[in-house]
Amino acid sequence: MAPTTYLQAIGAGLREEMRRDERVFVMGEDVGAFGGAFKVTDGLVDEFGPARVRDTPIAEAAIVGTAVGAAIAGLRPVCEMQFADFVACGFDQLVNVAGKMHYRLGLAVPLVVRLPVGGGFSGGPFHSQNPEAWFMHAPGLKVVAPSTPADARGLLLSAIRDPNPVVFLEHKHLYRRVKEELPEVASPTPMTARIARAGDDLTIVAYGAMVHAALEAAEALGADGDGASVEVLDLRSLVPLDEEAILASVRKTSKVLVVDEANATCAAGAQVAALVADRAFEDLDGPVRRIATPDIPIPFSPPLEQAALPSASTIAEAARELLDY
Amino acid sequence: MPHMGTSVVEGTIIGWSKQVGDHVDLDETLCEVTTDKVDTECPSPAAGVLAEILVDVGETVDVGTVVARIEVEGGVATPATPAGPVAPARAEAAAPASNGAAAANGNGAAGPRVSPVVARMAAVHDLDLAQIPGTGRGGRVTKKDVLAFLDRAPEPEERPLHSESPYRPDDAPPAPAPSPPRDDLGGVPQPLSRIRQAIGRAMLASQLTTATCHTVVECDMSRVENRRRDLGLTALPLVSAAVVETLRGFGQLNATLDGTTITTYERVHLGIAVSLGDDGLIVPVIHDAQDLSPQGLGTRIKDLARRARAGQLVPDDVQGATFTITNPGAFGATIATPIINAPQVAILDLEAIIRRPVVITDDDNNESIAIRPMVNLVLGWDHRAIDGVYAAQFLTALRRRLEAAG
């Protein structure tokens with residue numbers, strides 16, 4: 001079997017779940033006949049028909065609101081925001097309605113909102129954001145962010161089967177860049193962290209596309225003269241956050257660098273840093289360091305965008321400094 | 001001349017580790033300094049080139065005296081340099097205290113940085129971080145350094161501060177030293193070491209000024225022995241705790257005598273004599289010993305003894321004692337006549353604990369002979385300050401406390 005791209009893995013996951021459970025349906029802008037802006041849902045309408053692959057108006061509040069109603073009524077909607085940036089229009093339905101439904105009325109809202117996130121391709125300020133922190137801050141929502149094809153498929157399965165509303169962050173930059181052989185039979189990926197690369201001297205905590213930048217940096221550091229042994233922890237799930245995995249890694253390495261592609265303030269990495277400071281203080285052999293995108297809109301200009309986003313080289317530079325500390 | 005402690009006002013340069021023109025790194029040893037209390041190395045307060053040595057070896061100068069000048073690299077361009085006619089800039093090397101206790105670390109904070117994990121590991125393994133070479137930024141001791149240190153050096157066996165029996169197997173004969181020059185009779189004349197000279201001066205001064213007497217009491221250490229085993233301690237911390245308690249009722253012994261002025265203390269600053277082997281003897285002080293449990297005293301004694309043997313005491317560690325305990329019993333002696341560490345007025349000598357037959361009396365006044373771990377508690381005391389009855393009363397009170405311990 002040919003290696004499956006991250007994008008194909010998401011499509012495969014949708015297809016498998018739709019075959020497995022007829023309550024599962026997808027809705028979004030151009031997801032049907034056009035197959036989705038990025039072709040994630042390509043071909044689904046042919047197999048499952050327009051009732052389960054529903055094209056919607058350009059109205060995110062309506063998409064999410066409809067999904068909330070369908071989920072309460074017993075279906076398992078998977079909505080696609082064409083770009084994660086546009087979820088702001090559906091924010092109220094997701095944060096206030098879906099997120100608090102169980103708390104207010106005891107009703108489960110098993111819906112998934114797929115958010116194509118991230119920059120790195122000159123998408124500019126409206127098409128490059130990483131809005132995970134908005135949803136991490138809202139009780140009642142789960143937030144997952146796969147970095148590999150296998151986890152993209154597995155976490156999508158977990159998200160669809162979860163009784164809670166789940167925000168599924170899929171990184172556009174990874175869509176066609178990462179690929180791997182997938183097992184024939186999909187199994188759900190637990191919403192826990194994964195050691196993407198084991199090491200003893202330093203832990204880099206990352207998720208999404210930054211896992212790959214961190215792995216590249218870790219390789220470079222291992223090839224340095226002193227051959228540092230760098231661990232890369234792929235969070236996979238931001239809510240719930242796998243605190244024990246983070247603490248276990250930090251207890252082993254005693255140094256931690258947290259990487260976010262999101263804007264720095266109140267980002268997922270800030271939560272990780274706070275956790276480490278709070279619960280692993282006596283295991284630290286250096287300051288908790290963070291790398292994130294500065295608090296600016298993502299620039300169109302390729303060199304400016306490159307300067308703004310964390311990269312393997314900026315991660316390696318910060319890691320070297322921390323290793324030398 | 002660095003500030004080395006509250007009552008140290010001068011120091012003597014005993015060696016320069018760098019010569020004029022040598023490069024010196026921040027915190028690299030610049031010179032060695034001796035005071036009446038300890039010898040210590042002075043780390044350089046700046047990186048640069050040693051431009052001038054202002055105090056020669058053997059000279060004694062006041063604390064704060066400039067002893068050398070260091071030409072700082074790139075000093076001309078350093079904006080922090082005060083404007084002046086002289087370029088390149090010069091840093092005055094009033095070097096900071098030993099052990100990095102007040103060493104500049106580049107960010108203006110005092111002391112080398114210790115990370116939380118290193119602090120914790122040092123506490124868990126009872127490590128002295130000054131013993132561990134640091135490879136981190138600015139010589140910081142990293143977790144890796146601690147791990148490497150632990151890997152390399154299994155914790156040295158603590159030298160016993162106490163022994164059950166005076167009998168010891170003979171030491172292995174020392175390796176023959178290269179033969180030094182001999183005089184006509186085959187003797188080998190050598191200058192006394194500085195520490196021996198210092199000890200000699202202090203002991204002679206005590207003999208010349210105090211009216212030293214000695215009083216001995218025998219003490220049954222059965223309960224102390226049991227308790228120390230329970231606590232995993234040597235006998236010394238338990239005896240120290242008992243001495244501190246007993247001194248509460250004998251204020252005239254927790255005192256210093258200077259001419260016609262006697263100063264008594266409620267707080268007990270307990271000197272503990274530590275043998276440095278052939279290198280002499282030093283008496284580090286546990287300040288405010290009354291605040292410590294036997295376990296706390298044990299920890300402090302171990303720490304002071306280790307630092308004493310590693311040559312890492314700072315002057316404050318060895319001054320201000322109000323009462324001293326000496327403990328040569330570990331080496332088998334059963335009685336001695338210790339010299340008072342003047343201006344203190346008394347010294348307690350804890351001799352070897354030896355199992356001996358003793359007559360014991362039970363509650364019904366029946367007498368029998370039993371085998372008991374016995375020790376001689378010898379008090380050296382200054383007849384100018386107290387009389388023999390007081391000394392005997394103190395020792396008896398101490399004995400009762402020790403025999404009741406448990």
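Cut-offs applied
Residues numbered from 1 in each chain as written. Chains lettered and ligands numbered in written order. Predicted model: local features only at pLDDT ≥ 70, side-chain atom pairs only at ≥ 80, totals over all residues. Helix = DSSP H or I, 4+ residues; strand = E, 2+ residues; numbered from the N terminus. Expected span 1.5 Å × (residues − 1). Buried ≥ 20, exposed ≤ 12 C-beta atoms within 10 Å, placed from the backbone. Axes fitted to C-alpha atoms, helices over the stretch in contact; angles between N-to-C directions. Parallel < 35°, antiparallel > 145°, perpendicular 65-115°, else oblique. Left-handed = near helix turned anticlockwise from the far one by under 90°. Contact = placed C-beta atoms within 7 Å. Nonpolar A, V, L, I, M, F, W, Y, C, P; charged D, E, K, R; others polar. Pairing = 2+ DSSP bridges. Arc of directions from axis to C-beta.

### Here we look at helix α6 (residues 149–161) of chain A
Residues and elements named next belong to chain A.
Stage number 1. For α6, with 13 residues, the first-to-last C-alpha span of 18 Å sits near the 18 Å given by 1.5 Å per residue.
Stage number 2. The element α6 is extensively covered by neighbouring structure, given that eleven of its 13 residues are classed as buried.
Stage number 3. Turning to α6, its buried residues number three or more, namely P149, A150, D151, A152, R153, G154, L155, L156, S158, A159 and I160.

### Considering the packing of helix α8 (residues 243–253) of chain A against helix α9 (residues 268–279) of chain A
Residues and elements named next belong to chain A.
Stage number 1. Following both chains from N to C, one finds α8 and α9 inclined at 60 degrees, their axes separated by 10 Å at the closest point. Between α8 and α9, the angle falls in the class oblique. Here the hand of the crossing between α8 and α9 comes out right-handed. Touching E243, I246, L247 and V250 of α8 are V272, L275, V276 and R279, all from α9.
Stage number 2. Of the residues contributing to the contact of α8 with α9, the split by class is six nonpolar, no polar and two charged.

### A look at the sheet that holds strand β1 (residues 10–16) of chain B
Residue and element names in this part refer to chain B.
Stage number 1. Overall, antiparallel pairing links the four strands, which are arranged β4-β3-β1-β6 in an open sheet. Edge positions in the open sheet fall to β4 (39–43) and β6 (60–62), since each of these has one partner strand only. The average angle at which neighbouring strand axes cross in this sheet is 40 degrees, direction not considered.

### So, the sheet that holds strand β11 (residues 230–234) of chain A
Residues and elements named next belong to chain A.
Stage number 1. Pairing within the open sheet is mixed, and its five strands lie in the order β9-β11-β10-β13-β14. Whereas interior strands pair on both sides, the edge strands pair on one side only; in this sheet they are β9 (194–197) and β14 (289–293). Strand-to-strand twist across the sheet, computed as the mean angle between neighbouring axes with direction ignored, equals 25 degrees.
Stage number 2. Here three bridges tie β9 to β11, and the two strands are oriented antiparallel to one another. Paired with R194 across the strands is D234, a residue of β11.
Stage number 3. The sheet contacts of helix α7 (residues 209–223) involve β9, β10 (202–206), β11 and β13 (256–263), and relative to β11 the element is tilted by about 170 degrees.
Stage number 4. Strands in contact with α9 are β10, β13 and β14; relative to β13, the strand with the most contacts, it is inclined by about 155 degrees.

### Considerations on the packing of helix α1 (residues 6–20) of chain A against α6(A)
All names here are of chain A.
Stage number 1. Running from amino to carboxyl end, α1 crosses α6 at an angle of 30 degrees, the nearest separation of the two axes being 8 Å. Between α1 and α6, the angle is such that the two are roughly parallel. Considering how the two elements wind past one another, α1 and α6 form a crossing that is right-handed. Only P149, A150, A152, R153, L156, L157 and I160 of α6 make contact with α1, whose side of the interface consists of Y6, A9, I10, A12, G13, L14 and E17.
Stage number 2. By residue class, the composition of the contact of α1 with α6 is eleven nonpolar, one polar and two charged.

### Focus on unusual backbone geometry
Glycine aside, negative phi is the norm for most residues, and most peptide bonds take the trans geometry.
Stage number 1. With omega at 0 degrees, the peptide bond leading from V239(A) into P240(A) counts as cis.
Stage number 2. The amide bond that connects A342(B) to the next residue, P343(B), takes the cis arrangement and shows omega of 10 degrees.
Stage number 3. Here P343(B) is to be found in the loop between β16 (323–326) and β17 (346–350).
Stage number 4. We note that D126(B) has phi near 55 degrees; this positive angle belongs to a residue other than glycine.
Stage number 5. Judged by the 12 C-beta atoms lying within 10 Å of it, D126(B) is exposed.
Stage number 6. Despite not being glycine, D288(B) shows a phi value in the positive range, around 50 degrees.
Stage number 7. In this fold, D288(B) is placed in the loop between β15 (285–286) and α6 (294–309).

### Here's the deal with the pairing of strand β18 (residues 354–361) of chain B
Stage number 1. Pairing analysis gives eight bridges linking β18(B) to strand β19 (residues 367–382) of chain B, with the strands arranged antiparallel. Across the sheet, the residue bridging to I354(B) is M374(B), located in β19(B).

### Some details on the pairing of strand β11 (residues 261–264) of chain B
A regular strand places its side chains so that they alternate between the two faces of the sheet.
Residues and elements named next belong to chain B.
Stage number 1. Pairing of strand β10 (residues 255–258) with β11, which is carried by four bridges, proceeds in the antiparallel orientation. Note on β11: the bridge partner recorded for D258 is T261.
Stage number 2. Counted along the chain from β10 to the antiparallel partner β11, the turn is two residues long, and its residue G259 has a positive phi close to 65 degrees.

### What to know about helix α11 (residues 312–324) of chain A
Residues and elements named next belong to chain A.
Stage number 1. Between the first and last C-alpha of α11 there are 18 Å, a value that for 13 residues agrees with the 18 Å anticipated at 1.5 Å per step.
Stage number 2. The set of residues buried in α11 consists of I315, A316, A319, L322 and L323. Buried residues of α11, viewed axially, fall in a sector of 125 degrees; they line one side.
Stage number 3. Packed against the buried residues of α11 are β10, α7, β11, β13 and β14.

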